[in-house]
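# Architecture at a glance
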Amino acid sequence: RKVSSATSTRGGGLPEVETIALPHAGFHENDLPGVEVACNLLDVNITPPEQVLRKVEELASAQALDVVSSYYTNKRPEDVLQVTLAAECDRISQQS
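Our subject in this report is the structure included herewith.

Definitions and limits used
Residues numbered from 1 in each chain as written. Predicted model: local features only at pLDDT ≥ 70, side-chain atom pairs only at ≥ 80, totals over all residues. Heavy atoms only, no water. Helix = DSSP H or I, 4+ residues; strand = E, 2+ residues; numbered from the N terminus. Rg over C-alpha atoms; globule rule 2.2 N^0.38 Å. Buried < 20%, exposed > 50% of the residue type's maximum accessible area, 1.4 Å probe, protein only. Contact = heavy atoms within 4.5 Å. Areas by Shrake-Rupley, 256 points an atom, 1.4 Å probe, with all protein chains shown as cover. Lys, Arg positive; Asp, Glu negative; His and termini not counted. Charge placed at Lys NZ, Arg CZ, Asp CG, Glu CD. Salt bridge = Lys/Arg side-chain N within 4 Å of Asp/Glu carboxyl O.

### Topic: the overall build of the protein
Each helix and strand counted, the protein has three helices and two strands in total. Starting at the N terminus, the α and β elements of the protein follow one another as α-β-β-α-α. Against the 2.2 N^0.38 benchmark of 12 Å for 96 residues, the protein shows a C-alpha radius of gyration of 18 Å, more extended than a compact globule. Projecting the C-alpha coordinates of the protein onto the three principal axes gives extents of approximately 60 × 35 × 15 Å. The buried share of the protein, taken over its 96 residues, is 15%. Relative to all contacts within the protein whose residues are 6 or more apart in sequence, the contacts with residues 24 or more apart total 36%. When the accessible surface of the protein is summed, it comes to about 7,500 Å², and 54% of that surface belongs to carbon and sulfur atoms. A gap of 5 Å separates the mean positions of the 8 positive and 14 negative side-chain charges of the protein.

Below, the structure is given as structure tokens:
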């Protein structure tokens, strides 16, 4: 929970970041329980996902914790733009 709190804007961490600590039981029989640090990035232009991950890793390491995995649920603006441009290029090429 300390890692989650210290990552968020409210906890004095990164700007434009909201977090919550979500406890998880082990997924498999031999897994230890863990905590997911769920983050809501309010403006990825101010605080990009890579910066948030680095901060979480840094804070976890300082408490002798490991970051086991990470994931993103939304596309970043540049990814959306790339998909949109590709679709527009396809549309234009089909008109020719």
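### Focus: the pattern of salt bridges
Should the charged atoms of two oppositely charged side chains come close, the side chains can pair. In the structure shown here, the tally under the stated rule is two salt bridges. Across the salt bridge formed by Arg-91 and Glu-88, the nearest N and O atoms sit 2.4 Å from each other. Placement of the pair is Arg-91 and Glu-88 together in helix 3 (residues 77-95), with a separation of three residues, close to one helical turn. A relative accessible area of 33% places Glu-88 in the partly exposed class.

### Side note on the environment of Val-44
Secondary-structure assignment places Val-44 in the loop between strand 2 (34-41) and helix 2 (49-62). As a C-alpha pair, Val-44 and Glu-16 span 28 residues in sequence and 8.1 Å in three-dimensional space. Apart from the residues within four sequence positions on either side, Val-44 is in contact with Pro-49 and Pro-77.

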